[in-house]
Amino acid sequence: MRYNCLIIDDEKLLADSAMEYFNLFGVSTAVAYGVSDGLLFFEENTADLLLLDINLGDGSGFELCKRLREKMDSPILFISARSSDDDKIIALNIGGDDYIEKPCSLAVLLAKVKAVLKRCGRRNLKVYSDGWLRVNFAAKQVAVDGRPVKLTALEFKLLAFLMEHEGAVLSKQELFEQVWQDKCTGDGTLNVHIRRLRRTIERNPNQPHYIQTVWGDGYKFEGGAE
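Quick caveat, the model's predicted, so the values are computed rather than measured.

Undergrad: Teacher, can you tell me more about unusual backbone geometry here?
TA: Its identity as a non-glycine residue notwithstanding, lysine 140 has a phi of 55°, on the positive side. Along the chain, lysine 140 turns up in the loop between β9 (133-136) and β10 (141-144). Its identity as a non-glycine residue notwithstanding, aspartate 145 has a phi of 55°, on the positive side. Here aspartate 145 is to be found in the loop between β10 and β11 (147-149).

Structure below.
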């Protein structure tokens, strides 16, 4: 399963609280409580971003980062109560992308995570394919059930943006600003484009699997054909 964020922290109460808070605001999040849990997670799952504590009960976050960097390049944000400059230098030198000091409010932490996810998206994704839907991002080509389909430039941009943030709830305002690059785009325009995409890529447009409406919040893309 793919998550937006994995929190690796042996402070279970803090980790669980952060996970629940992130999920509440549309950032799909899982939690691991140590080095062994973190490695086990990646045997069957992936994450777009990691929040990694330095001091773990069964090992060092530094060592875990080194091991993970051998097989993945997702952003890794270190979070720790240790504030020495030496720790920060080590964290960045071994592949960390930022260093956040505890204590840190969940709201501030969520904002940081969302900013990194938005900036990075799924930059390394060149082709998406699940047996029903295939998207070649570089060539801007889409195929459904093995047959090429045509999308307008704006439809493809909307689909790509949703897919780059798979599992995350994207507000209408965010879609207006990032896809249309216009804060004043109306709901009607967005609804028309969502409807067209669903008719093109969904098995059943009336019961969409890929492009889901999150009532009161916006839309999200869920990968994998039913």
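Next, the rest of the story.
Undergrad: What am I meant to see in the packing of aromatic side chains here?
TA: What characterises a pair of aromatic rings is the spacing of the ring centres plus the angle enclosed by the ring planes. On inspection of all chains with the given rule, the structure shows seven aromatic pairs. Three or more aromatic residues joined by ring pairs make a cluster, and in this case those are Tyr3, Phe41 and Phe42. Above the plane of the ring of tyrosine 33 lies lysine 12, whose end atom (NZ or CZ) is 5.0 Å from the centre. Looking at arginine 203, its charged tip hangs above the ring of tryptophan 132, at a distance of 4.1 Å from the centre.

Undergrad: Any chance you could explain the sheet that holds β9 here in plain terms?
TA: Consider a sheet: its strands pair through backbone hydrogen bonds, and that pairing is either parallel or antiparallel. Strand order across the open sheet formed by four strands is β8-β9-β10-β11, with antiparallel pairing between neighbours. Because the sheet does not close on itself, it has two edges, and the strands there are β8 (127-129) and β11. Looking at each pair of strands side by side, their axes are set apart by 20° on average, direction ignored. Pairing geometry for β9 and β10, over four bridges, is antiparallel. Bridge assignment links asparagine 136 to a residue of β10, and that residue is glutamine 141. Contacts from helix α6 (residues 153-164) reach β8, β9 and β10 within the one sheet, and its direction differs from that of β9 by about 105°.

Undergrad: Explain helix α3 (residues 61-69) here, please?
TA: A turn of α-helix holds 3.6 residues, and therefore any two residues three or four places apart point the same way. By the burial criterion, the buried members of α3 are Gly61, Phe62, Leu64, Cys65 and Leu68. Down the axis of α3, the sector holding all buried residues measures 160°, keeping them to one side. Measuring from the backbone nitrogen of phenylalanine 62 back to the side-chain oxygen at the start of α3 gives 3.0 Å, which picks out serine 60 as the cap.

Undergrad: When you look at the sheet that holds strand β2 (residues 29-32) in this model, what are you seeing that I'm missing?
TA: Ordered by their spatial adjacency, five strands build an open sheet running β2-β1-β3-β6-β7, and the pairing between neighbours is parallel. Across the chains shown, the open sheet's two edge strands, defined by having one partner strand only, are β2 and β7 (98-101). The sheet shows a mean angle of 25° between the axes of neighbouring strands, taken without regard to direction. With six bridges connecting them, strand β1 (residues 2-8) and strand β3 (residues 46-53) associate as parallel partners. When the sheet's bridge partners are listed, arginine 2 is paired in β3 with threonine 46. Strands β1, β2 and β3 of the sheet are contacted by helix α2 (residues 35-44), whose axis makes an angle of about 175° with β3.

Undergrad: Got a minute to help me understand the side chain of aspartate 48 in this structure?
TA: Here aspartate 48 shows up in strand β3. A polar contact is formed between the side chain of aspartate 48 and the side chain of asparagine 4, at a distance of 3.4 Å.

Undergrad: Would you take a moment to explain the packing of α2 against α3 for this structure?
TA: The relative placement of two packed helices is expressed as an angle between their axes plus a distance between the axes. Interhelical geometry of α2 versus α3 gives an angle of 15° and a closest axis separation of 10 Å. With respect to their mutual orientation, α2 and α3 come out roughly parallel. The interaxial crossing formed by α2 with α3 has right-handed handedness. Two secondary-structure elements touch here, α2 through Val35, Leu39 and Phe42 and α3 through Leu64, Arg67 and Leu68. Tallied by class, the residues present in the contact of α2 with α3 amount to five nonpolar, no polar and one charged.

Undergrad: I would appreciate a short explanation of the packing of helix α7 (residues 172-180) against helix α8 (residues 187-201) in the present structure.
TA: The interhelical angle for the contact between α7 and α8, taken along N-to-C directions, is 80°, at an axis separation of 11 Å. When the interaxial angle is binned, α7 and α8 end up roughly perpendicular. On α8, the residues that touch Lys172, Leu175, Phe176 and Trp180 of α7 are Asp187, Thr189, Leu190, Asn191 and His193. Of the residues contributing to the contact of α7 with α8, the split by class is four nonpolar, three polar and two charged.

Undergrad: Got a minute to help me understand the pattern of salt bridges in this structure?
TA: If the charged atoms of two oppositely charged side chains come close together, the side chains can form a pair. Counted under the stated rule, the structure contains five salt bridges. Aspartate 145 is paired through a salt bridge with arginine 147; the nearest N and O atoms lie 3.7 Å apart. Its relative accessible area of 37% is what places aspartate 145 among the partly exposed residues.

About the criteria used
Residues numbered from 1 in each chain as written. Predicted model: local features only at pLDDT ≥ 70, side-chain atom pairs only at ≥ 80, totals over all residues. Heavy atoms only, no water. Helix = DSSP H or I, 4+ residues; strand = E, 2+ residues; numbered from the N terminus. Phe/Tyr/Trp six-rings, centres within 6.5 Å; stacked < 30°, edge-to-face > 60°. Lys NZ or Arg CZ within 6 Å of the ring centre and 35° of its normal. Pairing = 2+ DSSP bridges. Axes fitted to C-alpha atoms, helices over the stretch in contact; angles between N-to-C directions. Contact = heavy atoms within 4.5 Å. Buried < 20%, exposed > 50% of the residue type's maximum accessible area, 1.4 Å probe, protein only. Arc of directions from axis to C-beta. Polar contact = N/O pair within 3.5 Å; in protein donor to acceptor, adjacent residues only side chain to side chain. Parallel < 35°, antiparallel > 145°, perpendicular 65-115°, else oblique. Left-handed = near helix turned anticlockwise from the far one by under 90°. Nonpolar A, V, L, I, M, F, W, Y, C, P; charged D, E, K, R; others polar. Salt bridge = Lys/Arg side-chain N within 4 Å of Asp/Glu carboxyl O.

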